[in-house]
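Structural overview for review
Below, each chain spelled out in residue letters.
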Amino acid sequence: MVTKQRSTSGPGTGGPGMDTDMDTDMNTGAPAADQNRRVSTSTRKSKSSTPRWWKIHLFRGMINDIRRRAPYYWSDWLDAWDYRVVPATVYMYFANILPALAFSLDMFTKTQGSYGVNEVLLASVLGAVVFSLVACQPLVIVGVTGPITVFNYTVYDIVTPLGTNYLAFMCWIGLWSVLLHWILAVTNSCNWLKYVTRFPCDIFGFYVAFIYLQKGIQVLERFGFGAPFYLSLSVALLVFCIAYMCGELGKSSLFRHPVRVFLKDYGTPLTVVFFTGFVHLGRMKSVDLEKLPTTRPFFPTDDRDWLVQIWDINVGEVFLALPFAILLTILFWFDHNVSSLIAQGTEFPLRKPAGFHWDIFLLGLTTGIAGILGLPFPNGLIPQAPFHTESLCVTAVEKVSSSPEKEDESQDTKYTYKRTHVVEQRVSNLAQGLLTLGTCTGPLLIVLHLIPQAVLAGLFFIMGYQALEANGITGKLIFLLRDKTLTSRSHPLHKIKRRGAIWAFVAVEIAGFAATFAITQTIAAVGFPVIIFALIPVRAVVMPWFFTGRELGVLDEPTAGPFTMESVGGSYGAAEEEEEEEEEEGAGNGEGDGGDGRSEERRVEEGRIGNKGLFEKGDAGDTSGLSHRNRGNGNGNGNGSLREEDDK
């Protein structure tokens, strides 16, 4: 007699938690472990038949992205009927425009007026409108970043001594980049994102944070050592301190919940507004502070037309722009995709699918348009992109009792906030872009001209601090430096027996950051994307030789959850030996747990699931099992569980 039974297979059978049908021979009494071994054998055969990297299915990734996301397009607009969209729009308007103004000041100074406020604001508008209307990942905020600022003025320092038309050269970089981006999109290059874990993302985020801090210091350095310098320094530090206090009060238990939310959402922009007027009080108004330079509304900063004269350059310089375009494409492929991954990280209970291939295609389009118009090239913003998702999270207060038998006693009860869902829509991104467009009008440009550069320096400091605070490298360093007796026993890093392994992992991360930051201080700064990109094979190939799979599972993990990674075919598993060991463990536990997924939960507790593949590393187009897993019972993944609770 042969019966059909449902069982949750172990890893390697299409993904943990995937339901599979298995025939059990009741007459012979074949044990469940034998069945699991047969499933494991068939899995190895399927892995051996997986298409090789050179067998590329052109356009498959883009088509699948559109096919998955298209059914949600109208709901992306209808779901915007939610209160969280209003504060998210206002918050992202200031979080996007204020750093953009600071970067415009930096580029205006270092490119002799080739880029200014109008160019930077219109680049942000271009990215916001295109990605909010037709992108597969509308939560990602697109604008001018610190790395592209470094790239722009480094190219200026290289080509202007040669007598080359700078904007025409940048335009050809953008046009070459269009071709390169589209080749990457068509050939499904984003499937390589399965190898991008927290390791390169944390290093890149650490680098961006220090770029913010460096830019703040550079703004203050221009004022010399007179009264303007000391007043500017005081204002910058006050902006930082008050913005920091507003953020901390927003996370504290002081005041009522609406007050805390207001301070968290609007504290920083109100601080900027206050100190713009504060410097005009009393004796301070007699000190001549540097203001943000602006020009006529909707006109280029330099005396030129909006369309760049791309023909005002010789043929040799056209092809000289190609190597720079390759570096720019490497930077954008990593920077934009990492922004997308972090904005859709495991901590956010998202319900709508992602689409990396299609968005890279759109990024190539916006890069070309920006080059033709003489705008800085926009791409995904860190940390604004995850801040946008965070601002759209709806939370609920949960009671956590330290002792169940004393649950009624208030002194033993603590409260925490739990994210219930994210308001996934397109309106907030589009609205903040249109607000930015309105800022380009005459009256608002006059207001922008009143902002002291010292306020922008303080803004750089607070954004750098916030990026450092949320970075994984900072978290590991705090754990290592903290008193062991005051560290919670439930801390994930306690699962690593070798404390030296944590030190070694952090040392490698800091070395990667140091190499990236050091090269950006030289004329070779345009080459820093190569170092950033090289971190991916370092993590995938080199690190497993020095760390065990269990250690990497705790120290590192996929940036986004399985649901988000469907677009690229899954997540990466570094240690093949650890994977085989877990397959055998899953086969052995299959009989004892009755196929209810407990063995997988045990692996999650051990921290291994962060290192090994969460599901099969197949083609991005083969995602039927992934959809079934994530929209089913959600076993083995926190996002899946939250998604199920929200649906209920």
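Everything numeric here is computed off the predicted structure, so don't read it as measured data. Counting starts from 1 at the beginning of each chain's written sequence and moves along it residue by residue. Where local features are concerned, this predicted model is filtered to residues with pLDDT of at least 70; where side-chain atom pairs are given and counted, the filter is 80 or more; whole-chain, interface and lining totals use all residues. With hydrogens and water set aside, each side-chain value is computed from the structure's full complement of heavy atoms.

**Overview of the packing of helix α4 (residues 85–110) against helix α8 (residues 198–221)**
Contact geometry of α4 with α8 gives a least axis separation of 11 Å together with a crossing angle of 60°. Comparing the axis directions of α4 and α8 gives the class oblique. The interaxial crossing formed by α4 with α8 has left-handed handedness. Mapping the contact onto sequence places Phe 103, Leu 105, Asp 106 and Lys 110 in α4 and Tyr 212, Lys 215, Gln 218 and Val 219 in α8. Axis angles are defined between N-to-C directions and span 0 to 180 degrees, where every axis is a line fitted to C-alpha atoms and, for a helix, only to the segment in contact. Secondary structure elements are taken from DSSP: a helix is a run of H or I of four residues or more, a strand is a run of E of two residues or more, and numbering for both begins at the N terminus. Roughly parallel means an angle under 35 degrees; roughly antiparallel means over 145; roughly perpendicular covers 65 to 115; every other angle is labelled oblique. By the definition used in this description, the sense in which the near helix is turned from the far one sets the handedness, with an anticlockwise turn below a right angle giving left-handed and a clockwise turn giving right-handed. Working rule for contacts: check all heavy atoms of both residues, and any pair within 4.5 Å makes them a contact.

**Comments concerning the packing of aromatic side chains**
Centres within 6.5 Å make a pair out of two Phe, Tyr or Trp rings, where for Trp the six-membered ring is used; the pair is then stacked when the planes are under 30 degrees apart, edge-to-face when over 60, and tilted otherwise. Following the criterion strictly, the structure yields 33 aromatic pairs and no others. Ring geometry for Tyr 73 against Trp 74: centres 5.7 Å apart, planes inclined by 80°, an arrangement best described as edge-to-face. Type-normalised accessible area, obtained with a 1.4 Å probe on protein chains alone, sets the label of each residue: buried when under 20%, exposed when over 50%, and partly exposed for intermediate values. A residue is classified by how much of its surface remains accessible, and Trp 74, at 65% relative accessible area, is exposed. Centroid distance Phe 240 to Tyr 244: 6.3 Å. Interplanar angle 20°. Geometry classified as stacked. Here Phe 240 pairs with Tyr 244, and both are found in helix α9 (residues 227–251), just four residues apart, close to one helical turn. For Tyr 244, a relative accessible area of 32% corresponds to the partly exposed category. Three or more aromatic residues joined by ring pairs make a cluster, and in this case those are Phe 204, Tyr 207, Phe 334 and Phe 528. We count a charge as sitting over a ring when the NZ of a lysine or the CZ of an arginine lies within 6 Å of the ring centre and within 35 degrees of the ring normal. A cation over an aromatic ring shows up here: Arg 296 above the ring of Phe 299, its NZ or CZ 3.8 Å from the ring centre.

**Examining the environment of Ile 141**
Its place among the elements puts Ile 141 in the loop between α5 (117–134) and β3 (142–143). Residues Ile 141 and Ser 124 lie 17 residues apart in sequence; the distance between their C-alpha atoms is 8.9 Å. Ignoring anything within four residues of it in the chain, the contact list for Ile 141 reads Met 92, Asn 96, Asn 379, Gly 380, Leu 381, Gln 384, Ala 385, His 388, Asn 429 and Gln 432.

**A look at the side chain of Thr 145**
Structurally, Thr 145 can be placed in the loop between β3 and α6 (146–159). Taking relative accessible area as the criterion, Thr 145 reaches 5% and is therefore assigned buried. Contacts described as polar in this section are N or O atom pairs within 3.5 Å, which, within protein, must combine one atom able to donate a hydrogen with one able to accept it, while residues neighboring in sequence count only if both atoms come from side chains. Here Asn 379 takes part through its side chain, which lies 3.5 Å from a polar atom of the side chain of Thr 145. Those residues within four positions of Thr 145 in sequence are excluded, and the remaining contacts are Phe 103, Asp 335, Asn 379, Gly 380 and Leu 381.

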